[in-house]
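Structural characterization, general
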Amino acid sequence: VIASIILATAIPNFSGWRTNSQIRAESNRVHMDLLLARMTAMKSGRNIVVTFLPGSNSYSILHDNNANGIADTGEPLSTRVLENHVQFGFFGPNMTDMDGNTGITETVKMGPSDIVTFDPRGQADLSGVLFLIHSDDASSSNDRLRGISIVQATGSAELWRYNASLTPIPWE
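Okay, so let's go over this structure. A quick note: this is a predicted structure, and the numbers were derived from the prediction, not measured.

Next up on the list: the environment of D99. Mapped onto the secondary structure, D99 falls in the loop between β4 (86-88) and β5 (108-109). Separated by 69 residues in the primary sequence, D99 and P168 place their C-alpha atoms 9.9 Å from one another.

Okay, the side chain of E26 next. Residue placement: E26 occurs in helix α1 (residues 2-44). Here the side chain of E26 touches R29 through a polar contact of 2.6 Å, side chain to side chain. In this view, E26 contacts V81, L82, E83, N84 and V86; residues no more than four positions away in its chain are not counted.

With respect to the helices and strands, D119 occurs in the loop between β6 (115-118) and β7 (128-134). Of the residues examined, D119 reaches a relative accessible area of 15% and is grouped as buried. From its side chain, D119 meets the backbone nitrogen of R121 in a polar contact 2.8 Å long. Apart from the residues within four sequence positions on either side, D119 is in contact with A41, M42 and N47.

This next bit is on the pattern of salt bridges. Evaluation of the coordinates by the stated rule reveals six salt bridges. Among the salt bridges present, the one from R29 reaches E26, with a minimum N-O distance of 2.6 Å. Note that R29 and E26 are positioned in helix α1 at a spacing of three residues, about one turn of the helix. Classification of E26 as buried rests on a relative accessible area of 3%. For E172, the salt bridge goes to R161, with nearest N and O atoms at 2.2 Å. A residue pair is termed long-range when its members are at least 10 positions apart, and E172 in the segment after β9 (157-161) and R161 in strand β9 qualify at eleven residues.

A ring pair, where both rings are aromatic, is described by two values, the distance of the centres and the angle of the planes. Going through the model one piece at a time under the given rule, you end up with five aromatic pairs. When the centroid spacing of 6.0 Å and the interplanar angle of 90° are considered together, the rings of F52 and F88 count as edge-to-face. Pair noted here: F52 is in strand β1 (residues 47-53) and F88 is in strand β4, with a separation of 36 residues, a long-range link. With relative accessibility at 1%, the residue F52 sits in the buried group. Among the aromatic side chains, those forming a connected cluster through ring pairs are F90, F131, Y162 and W171.

Rules used throughout
Residues numbered from 1 in each chain as written. Predicted model: local features only at pLDDT ≥ 70, side-chain atom pairs only at ≥ 80, totals over all residues. Heavy atoms only, no water. Helix = DSSP H or I, 4+ residues; strand = E, 2+ residues; numbered from the N terminus. Polar contact = N/O pair within 3.5 Å; in protein donor to acceptor, adjacent residues only side chain to side chain. Contact = heavy atoms within 4.5 Å. Buried < 20%, exposed > 50% of the residue type's maximum accessible area, 1.4 Å probe, protein only. Salt bridge = Lys/Arg side-chain N within 4 Å of Asp/Glu carboxyl O. Phe/Tyr/Trp six-rings, centres within 6.5 Å; stacked < 30°, edge-to-face > 60°.

Quick look at the structure:
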């Protein structure tokens with residue numbers, strides 16, 4: 001009986017811990033890939049193009065040696081699929097971004113497309129934001145939501161955690 005009570009309380013706690021761990025690890029991986037793309041562009045003197053594919057919960061990283069924005073023969077291209085039940089998204093009809101812009105409806109917003117290019121100076125061709133959510137939360141809550149913002153002028157990518165208790169900008 002005592003073992004049953006302990007298990008009944010431990011299983012939900014473990015499930016929450018696992019979900020937190022998965023969203024944290026996957027958002028860190030995407031964030032690190034963006035930082036590495038920027039550093040690689042600076043080190044190699046070549047553009048690095050990151051294309052987000054929200055419909056397939058994946059993104060690609062292209063070493064664009066001739067700066068044409070297209071994967072040509074001989075240019076390294078890698079594709080990453082979001083893992084551990086993490087997907088591009090957020091709960092609700094819209095979101096407030098890290099700059100306080102409200103009414104965001106796209107899970108990946110990089111200017112007019114879902115593509116960001118880092119140039120040899122380390123700058124991004126535009127500013128943007130993407131949102132990552134665990135599939136357990138996608139239809140119920142933004143409690144574990146993560147966001148990554150990219151600043152055009154510096155090319156920096158910053159990882160954020162959603163906190164609904166913060167107003168007017170719910171990111172820390």
